[in-house]
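# A structural walkthrough
So the chains spell out like this:
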Amino acid sequence: MPNYWIIVGSPDNFEKTSSLGFTVQGMKTRQRRKAERMGDGDQFVWYITGEQAFAGYATITGPYFEDHDPVWVGKKDGEDYPWRVPIRKEVVLPVSGRIPAEGVARKLAYVAKWPPEHWRLAFQGNVHEISRADFDIVRAEIEKAATEAA
């Protein structure tokens, strides 16, 4: 049974994933346990910090692996996002078509753990596991936005 995730990252790190052809996604050092649980068929949505927007979603196509080649940049010096998973992009929205997260986030059971005025706290950190139902809500919004942008 697949797992569902939110990958939180900066616009720059999302562009790094894009420059790799959306073939691999890196995660911070402290995300090893979550990376170990990721596998073929899992899916995730990208949440872009600063923009507070959803940018697309992808499917994980294999097991996690460790790689210290510097690709993604963290706030801490020397942070190299060593836990990586092979991916296949499903839908990636253009910058102008990204979905503002607030309205969508308020529909998610995962976000309901926080007071409504502090919904952004749900997106602190690099990786979050969510339910299939929450993933489906975000995925549907991304697909709707992609159709409208086409």
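This section reports on the structure supplied with the text. What you see is a predicted model; the values in this text were computed from it and never measured.

## Some details on the overall build of the protein
Across its full length, the protein holds four helices and eight strands. Taking 150 residues into account, the globule formula puts the C-alpha radius of gyration at 15 Å, and the protein, at 14 Å, falls close to it. The principal-axis extents of the C-alpha atoms in the protein amount to approximately 35 × 35 × 35 Å. Of all 150 residues assigned to the protein, the portion counted as buried reaches 46%. A separation threshold of at least 6 residues defines the contact pool for the protein, and within that pool the share at least 24 residues apart is 71%. As displayed, the protein offers around 7700 Å² of accessible surface, 52% of which is attributable to carbon and sulfur atoms. Counting 20 positive and 21 negative side-chain charges, the protein places the averaged centre of each group 3 Å from the other.

## Digging into the pattern of salt bridges
Applying the stated criterion to the full structure yields 12 salt bridges. Here Arg 98 makes a salt bridge to Glu 15, at a shortest N to O gap of 3.9 Å. Of the two residues, Arg 98 is situated in the loop between strand S6 (83-92) and strand S7 (99-100) and Glu 15 in helix H1 (residues 11-19); the sequence distance between them amounts to 83 residues. Under the relative-accessibility criterion, Arg 98 is labelled buried at 10%. Among the residues examined, Glu 15 registers a relative accessible area of 41% and is labelled partly exposed. In this structure, Glu 102 and Arg 106 form a salt bridge, with 2.6 Å as the shortest nitrogen-oxygen distance.

## Considering the nonpolar core
Ile 6, Val 45, Tyr 47, Phe 54, Val 111, Phe 123 and Ile 142 are the most contacted members of the largest nonpolar core, which has 24 residues in total. Looking at this core, the elements with two or more residues in it are strand S1 (4-9), strand S3 (43-48), strand S4 (53-60), helix H3 (101-105) and helix H4 (132-149). Ranked by the residues each element gives to this core, the list is headed by H4, at four residues. Contact partners of Tyr 47, with chain neighbours within four places excluded, come to Ile 6, Ile 7, Val 8, Gly 9, Gln 52, Ala 53, Phe 54, Ala 101, Trp 119 and Phe 123. Judged by nonpolar contacts, the second largest core, of 17 residues, contains Ala 35, Trp 46, Ile 48 and Val 127.

## Some points on the packing of aromatic side chains
Under the counting rule described, the total for this entry stands at 13 aromatic pairs. Aromatic pair Phe 14 and Trp 46: ring centres 5.2 Å apart, planes at 80°, arrangement edge-to-face. Here Trp 46 lies in strand S3 and Phe 14 lies in helix H1, a separation of 32 residues in the sequence. A centroid spacing of 6.0 Å and a plane angle of 75° characterise the contact between Phe 54 and Phe 123, whose relative ring orientation is edge-to-face. Placement of Phe 54 in strand S4 and of Phe 123 in the loop between H3 and strand S8 (127-130) is noted, with a sequence separation of 69 residues between them.

## Thoughts on the pairing of S4
Along S4, eight of the eight residues are buried, which leaves the element largely enclosed by surrounding structure. In the sheet, S3 pairs with S4 via six bridges, with the strands oriented antiparallel. When the sheet's bridge partners are listed, Gln 43 is paired in S4 with Thr 59. The antiparallel pairing of S3 with S4 creates a hairpin that spans four residues between the two strands, and Gly 50 there sits at a positive phi of about 75°. Bridge count between S4 and S7: two bridges; the pairing is antiparallel. Its bridge partner being in S7, Phe 54 is matched across the sheet by Ile 99.

Cut-offs used in this document
Residues numbered from 1 in each chain as written. Predicted model: local features only at pLDDT ≥ 70, side-chain atom pairs only at ≥ 80, totals over all residues. Heavy atoms only, no water. Helix = DSSP H or I, 4+ residues; strand = E, 2+ residues; numbered from the N terminus. Rg over C-alpha atoms; globule rule 2.2 N^0.38 Å. Buried < 20%, exposed > 50% of the residue type's maximum accessible area, 1.4 Å probe, protein only. Contact = heavy atoms within 4.5 Å. Areas by Shrake-Rupley, 256 points an atom, 1.4 Å probe, with all protein chains shown as cover. Lys, Arg positive; Asp, Glu negative; His and termini not counted. Charge placed at Lys NZ, Arg CZ, Asp CG, Glu CD. Salt bridge = Lys/Arg side-chain N within 4 Å of Asp/Glu carboxyl O. Core = buried A, V, L, I, M, F, W, Y, C linked by side-chain atoms within 4.5 Å. Phe/Tyr/Trp six-rings, centres within 6.5 Å; stacked < 30°, edge-to-face > 60°. Pairing = 2+ DSSP bridges.

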